Amino acid sequence: SAVISQKPSRDICQRGTSLTIQCQVDSQVTMMFWYRQQPGQSLTLIATANQGSEATYESGFVIDKFPISRPNLTFSTLTVSNMSPEDSSIYLCSVEDNTEAFFGQGTRLTVV
Amino acid sequence: AQSVTQLDSQVPVFEEAPVELRCNYSSSVSVYLFWYVQYPNQGLQLLLKYLSGSTLVKGINGFEAEFNKSQTSFHLRKPSVHISDTAEYFCAVSEAPGTYKYIFGTGTRLKVLA
């Protein structure tokens, strides 16, 4: 199993600013995933982050808005750029181990 | 493309009663199926998964699910619920063998009443 730590757990941000979310895993993993969970909705995959290469973004998500770093096999960051109230969501980091996905506690972001 | 449908957005049930949370999926290829639980202000935790083999899968906390290929369903059941089972439950599918991309349903909020 994998233990994932996300920081911050929550934040309230002004529109137009950016927030960087950190994700630390207790073991080395090839791929890390970032999801968004909008209020009252399900999880939507934002992007897949591989170490040493650019992240792969899903339809509807772009690197300029959600830049991702993956400097090593245990760490990744997601930045939510130029935020608007529509970005208010829970952002979750995830890894997969033996066909099971493990999730961080999530970062609850509120944009005002 | 794959999709997951959870028809019930909310399910209220009295404590110690049985419950079934419904999940249907569509896919043109073989899939793996999962149920996750999300307690308030927490991340997701795996309840159970179906990869292959027996269609009846047992998970944690007394939950089980049955894979029905002909009906493309993977309904979650528990014979007797507890107050502590109050949470959001998500059904998810991924392509088999794993592509590491999960498609989640919209979730079912289970509320257990005293």
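Thresholds, definitions, all that
Residues numbered from 1 in each chain as written. Chains lettered and ligands numbered in written order. Predicted model: local features only at pLDDT ≥ 70, side-chain atom pairs only at ≥ 80, totals over all residues. Heavy atoms only, no water. Helix = DSSP H or I, 4+ residues; strand = E, 2+ residues; numbered from the N terminus. Rg over C-alpha atoms; globule rule 2.2 N^0.38 Å. Buried < 20%, exposed > 50% of the residue type's maximum accessible area, 1.4 Å probe, protein only. Contact = heavy atoms within 4.5 Å. Areas by Shrake-Rupley, 256 points an atom, 1.4 Å probe, with all protein chains shown as cover. Lys, Arg positive; Asp, Glu negative; His and termini not counted. Charge placed at Lys NZ, Arg CZ, Asp CG, Glu CD. Buried area = accessible area lost by both parts, 1.4 Å probe. Salt bridge = Lys/Arg side-chain N within 4 Å of Asp/Glu carboxyl O. Nonpolar A, V, L, I, M, F, W, Y, C, P; charged D, E, K, R; others polar. Pairing = 2+ DSSP bridges. Axes fitted to C-alpha atoms, helices over the stretch in contact; angles between N-to-C directions. Polar contact = N/O pair within 3.5 Å; in protein donor to acceptor, adjacent residues only side chain to side chain.

Caption draft 1: Local environment of the overall build of chain B. Across its full length, chain B carries zero helices and 12 strands. Mapped in sequence order, the helices and strands of chain B form the string β-β-β-β-β-β-β-β-β-β-β-β. A compact globule built from 114 residues should have a C-alpha radius of gyration of about 13 Å, and chain B, at 13 Å, falls within 12% of that. Once the C-alpha set of chain B is aligned to its principal axes, its extents read approximately 40 × 30 × 20 Å. Within the span of chain B, comprising 114 residues, buried residues form 46% of the whole. Across chain B, every contact between residues at least 6 apart in sequence was considered, and the portion connecting residues at least 24 apart equals 57%. A total accessible area of about 5600 Å² is found for chain B, and carbon and sulfur atoms account for 51% of it. Charged side chains of chain B number 9 positive and 9 negative; the gap between the two group centres comes to 6 Å.

Caption draft 2: Examining the interface of chain B and chain A more closely. Each partner contributes to the interface: chain B provides 18 residues, whereas chain A provides 20 residues. Where chain B abuts chain A, roughly 1600 Å² becomes buried across the two surfaces, and 53% of that area is made up of carbon and sulfur atoms. The interface formed by chain B and chain A includes zero salt bridges. Mapped onto the side of chain B that touches chain A, the elements with two or more residues apiece are strand E5 (31-38) and strand E6 (44-50) of chain B. When residues of the side of chain B that touches chain A are assigned to their parent elements, the largest contribution, four residues, is made by E5 of chain B. Split into classes, the residues belonging to the side of chain B that touches chain A amount to 10 nonpolar, six polar and two charged.

Caption draft 3: Representation of the pairing of strand E3 (residues 19-25) of chain A. Residue and element names in this part refer to chain A. The side-chain alternation of E3 yields one buried face, formed by Leu19, Ile21, Cys23 and Val25, and one unburied face, formed by Thr20, Gln22 and Gln24. Alignment of strand E1 (residues 4-7) against E3, held across four bridges, turns out to be antiparallel. The residue of E3 that forms the bridge with serine 5 is glutamine 24. In this sheet, strand E8 (residues 75-80) lies alongside E3 in antiparallel orientation, the contact comprising six bridges. Its bridge partner being in E8, isoleucine 21 is matched across the sheet by leucine 78.

Caption draft 4: Just the sheet that holds E8 of chain A, in detail. Residue and element names in this part refer to chain A. Read from one edge to the other, the open sheet built from four strands follows the order E1-E3-E8-E7, with strand pairing classed as antiparallel. The sheet is open, and its two edges are formed by E1 and strand E7 (68-72), each paired on a single side. Strand after strand, the sheet turns through a mean of 15° between neighbouring axes, direction not considered.

Caption draft 5: Layout of the side chain of glutamine 38 of chain B. Among the structural elements, glutamine 38 of chain B can be located in strand E5. Among the residues examined, glutamine 38 of chain B registers a relative accessible area of 10% and is labelled buried. A distance of 3.1 Å separates a polar side-chain atom of glutamine 38 of chain B from the backbone oxygen of glutamine 42 of chain B. Excluding residues within four positions of it along the chain, glutamine 38 of chain B makes contact with Gln37 of chain A together with Gly43, Leu44, Ala87, Glu88 and Phe90 of chain B.

Caption draft 6: Inspection of the pattern of salt bridges at higher detail. Residue and element names in this part refer to chain B. For the structure on display, the rule yields seven salt bridges over all chains. Here arginine 22 ties to aspartate 8 by a salt bridge, and the two come within 2.9 Å at their closest N and O atoms. Here the residue arginine 22 occupies a position in the loop between strand E3 (19-21) and strand E4 (24-26), and aspartate 8 occupies one in the loop between strand E1 (3-5) and strand E2 (10-14), the gap between them amounting to 14 residues. Note on arginine 22: relative accessible area 32%, which makes it partly exposed. Its salt-bridge partner being glutamate 88, residue arginine 109 comes within 3.0 Å of it at the nearest N-O pair. Of the two residues, arginine 109 is situated in strand E12 (residues 108-113) and glutamate 88 in strand E10 (residues 87-95); the sequence distance between them amounts to 21 residues. The exposure class assigned to glutamate 88 is buried, which follows from its relative accessible area of 12%. Members of the salt-bridge network, linked through shared partners, are Glu20, Glu66 and Arg77.

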